[in-house]
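Working through the structure, step by step
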Amino acid sequence: MVKAAEERLLVPEEVGNSESLKSRAWTESKKIWRVAFPGMVARVSGFGFIVITQLFIGQLGELPLAAYAIQQTVFLRFTNGILIGMSSATETLCGQSFGARQYHMLGIYLQRSWIVDGAVATVLLPLFIFGTQILEAIGQQKDIAVVAGQIALWFIPYQYFFVFSLTIQMFLQSQMKNQIVGWVFGLAFLVHVPMSWLFVTKLGLGIPGALGALNLSGWLSVIALFVYAFGGWCPNTWTGFSKAAFLDIMPVVKLSLSSGFMICLELWYNAILVLLAGYMKNATVEISAFSICLNINAWQFMIFLGFLGAASVRVSNELGRGDAKAAKFSIYVMLSTSVIMGIVFFILCLIFDRQLSYLFTSSDEVADQVSSLSILLAFSMLLNSIYPVLSGVAVGSGLQSMVAYVNLGCYYVIGIPIGVLLGYVAGLQVKGLWIGMLSGIVTQTVVLSWLIWRTNWDDQVKKASERLNRWLIEDPTNDESSRENSRNG
């Protein structure tokens, strides 16, 4: 009975003429929150590992805080952007395959993503191995560069945590099983806080203690997800390791690279602005304050990444099923819900501007700088409620290449030049950089809204069907009986 109820939720029934708009919106909202809420818990908790680590490192002094900020915001975000983007290809393929009932393909796409993403993570390792030398070469202060290089080595195992955690999250999320992801990351976060306190405060292990706790918490969550996925809870979508994972790798690489390019352009954007802040006067305070604001913004952004995931799942599932109208209606409901939440965060940020800074630092000078940026932070939080949903729609429909070009133009042709002019030429310092960042995001949001509004969703249904049929590998165990079992969940 439970499975039957779940199946009714997964497969939209025909909406009769007598059904009210309110009833349709309520039904769609339940489907959205079923994906979005666990995704929010997982994203907030996962990013919380990094933020909690920054909280403890911040108590060690301004230099460790600035070094961690530039390492985490520049290098980790650089590589994380690539891996998040590439894992969104897994999200597209798994979501559309699940909608088309090609269940056995989900496990194959998951294995292909490990091959592709793992290879990319390995290629990126020199960024962490030679962190100090790279920072010194681009003109960062030597004391910050040396400490940041020491921190960078601890991020190497965390790179591979991203490879497995991101892809398996997409695998589970696409089949509406991301409740377990929310539970696992939520519990891991609750473990991470006392573990960090034990290592840093009680045992006095300093930076190694904080980063050791970060790696332990991350890998414990990945192991738990492996146990769930491979332990029999995904019988239709995980049928074991397969040689088929090594077939048709290049199309997956192509989609993964376009996906990676799309997402990493967004994450690199903030990283470049933090890097530019390092060349300003009083760089330690400027970097620390800017990084605190960006981390508060990023933590709130993790909530709306839940909507990005929900948009991707709902749109990809409906396109896989061939229902263009349901995909469009889901977009309308999702944007409305997300914007209302964005307004709430906008107001809260203006009310509690200064109090937020003392979570990260005991320095009044840094807190004053954070408080002066609160209005810009509030507008950033409001915009966070819009463009992640639009990006999720693009991921669900496989339009990552189009969004990548939009991001490139809006962020790097418009946003960064305006930020440099206002920050350095006009003398607005960090405020100028942030105004430039917001100008790029606003432009991106307007362009994406127009492009998605003009999208022919019937054509997207056809393209999804062609993509799935082109890459389909027949399930050798798929006799008539197993097909019937798949239909029943």
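One structure accompanies this document, and this report is about it.

Counting across every chain of the model gives two cavities of 30 Å³ or more. Of the voids in this model, the second largest cavity is the one considered here, and its volume is about 60 Å³. Lining of the second largest cavity is provided by Gly39, Arg43, Gln169, Gln173, Asn178, Val181, Leu305 and Gly309. Residue assignment for the lining of the second largest cavity shows that the elements contributing at least two residues are helix H2 (21-58), helix H8 (156-173) and helix H12 (283-321).

You can see Ser372 is positioned in helix H15 (residues 364-372). You can call Ser372 partly exposed: its relative accessible area is 33%. Residues Ser372 and Asp353 lie 19 residues apart in sequence; the distance between their C-alpha atoms is 8.7 Å.

In this section: the environment of Val120. The topology assignment puts Val120 in helix H4 (residues 104-123). For Val120, the residues in contact, after removing those within four places along its chain, are Ile82 and Met86.

Attention now goes to the packing of aromatic side chains. Taken as a whole, this structure holds 24 aromatic pairs when the rule is applied. Seen in terms of ring centroids, Trp114 and Trp238 are 6.2 Å apart; in terms of plane orientation they differ by 50 degrees. Their pairing is tilted. Pair noted here: Trp114 is in helix H4 and Trp238 is in the loop between helix H10 (206-230) and helix H11 (249-277), with a separation of 124 residues, a long-range link. Each member of the pair, Trp114 as well as Trp238, carries the same accessibility label: buried. An aromatic cluster of three or more residues is present, and its members are Trp114, Phe164, Trp219, Phe226, Phe230, Trp238 and Phe241. When the ring centre of Phe329 is taken as reference, the NZ or CZ atom of Arg24 above it lies at 4.2 Å.

The subject of this paragraph is the nonpolar core. Ile151, Phe155, Tyr158, Phe171 and Trp434 are the most contacted members of the largest nonpolar core, which has 93 residues in total. What Tyr158 contacts, discounting residues up to four positions off in sequence, is Gly46, Phe49, Ile50, Leu76, Leu214 and Asn215. Among the nonpolar cores identified, the runner-up in size contains 33 residues, and Ala36, Met176, Met334 and Ile452 belong to it.

Below, the discussion takes up the packing of helix H17 (residues 387-397) against helix H19 (residues 430-454). Following both chains from N to C, one finds H17 and H19 inclined at 45 degrees, their axes separated by 10 Å at the closest point. For the element pair H17 / H19, the angle class is oblique. Of the two possible hands of crossing, H17 and H19 adopt the one that is left-handed. Taken together, the residues of H19 that come into contact with H17 (itself represented by Tyr387, Leu390, Ser391 and Val393) are Ile441, Gln444, Thr445, Leu448, Ser449 and Ile452. Among the residues forming the contact of H17 with H19, the class breakdown is six nonpolar, four polar and no charged.

Quick look at the pattern of salt bridges now. As enumerated under the stated definition, the model contains three salt bridges in all. Linking Arg314 and Glu318 is a salt bridge whose minimum nitrogen-to-oxygen distance equals 2.8 Å. Placement of the pair is Arg314 and Glu318 together in helix H12, with a separation of four residues, close to one helical turn. A salt bridge links Arg321 to Glu318; the nearest nitrogen and oxygen atoms lie 3.6 Å apart. Placement of both Arg321 and Glu318 in helix H12 is noted, with a separation of three residues, approximately one turn of the helix.

Once that is clear, we can look at the side chain of Ser217. Structurally, Ser217 is set in helix H10. Ser217 sits in the buried class, given a relative accessible area of 1%. From its side chain, Ser217 meets the backbone oxygen of Ala213 in a polar contact 2.9 Å long. Setting aside its immediate chain neighbours within four residues, Ser217 contacts Phe49, Ala188, His192 and Met195.

A word on the packing of helix H7 (residues 142-154) against H8. Two numbers describe a pair of packed helices, the interaxial angle and the distance between the axes. As a packed pair, H7 and H8 sit with axes 4 Å apart at the nearest point and diverge in direction by 45 degrees. Taken together, the axes of H7 and H8 lie oblique to each other. For the pair H7 and H8, the contacting residues are Ala152, Leu153 and Trp154 in the first and Ile156, Pro157 and Tyr158 in the second. The residue inventory of the contact of H7 with H8, partitioned by class, reads six nonpolar, no polar and no charged.

Analysis parameters
- Residues numbered from 1 in each chain as written.
- Predicted model: local features only at pLDDT ≥ 70, side-chain atom pairs only at ≥ 80, totals over all residues.
- Heavy atoms only, no water.
- 1 Å grid on protein atoms, 1.4 Å probe; cavity = no way out; pocket = protein on both sides within 12 Å on 5 of 7 lines; lining within 4 Å.
- Points joined across faces, edges and corners; volume = space filled by probe spheres on them.
- Helix = DSSP H or I, 4+ residues; strand = E, 2+ residues; numbered from the N terminus.
- Buried < 20%, exposed > 50% of the residue type's maximum accessible area, 1.4 Å probe, protein only.
- Contact = heavy atoms within 4.5 Å.
- Phe/Tyr/Trp six-rings, centres within 6.5 Å; stacked < 30°, edge-to-face > 60°.
- Lys NZ or Arg CZ within 6 Å of the ring centre and 35° of its normal.
- Core = buried A, V, L, I, M, F, W, Y, C linked by side-chain atoms within 4.5 Å.
- Axes fitted to C-alpha atoms, helices over the stretch in contact; angles between N-to-C directions.
- Parallel < 35°, antiparallel > 145°, perpendicular 65-115°, else oblique.
- Left-handed = near helix turned anticlockwise from the far one by under 90°.
- Nonpolar A, V, L, I, M, F, W, Y, C, P; charged D, E, K, R; others polar.
- Salt bridge = Lys/Arg side-chain N within 4 Å of Asp/Glu carboxyl O.
- Polar contact = N/O pair within 3.5 Å; in protein donor to acceptor, adjacent residues only side chain to side chain.

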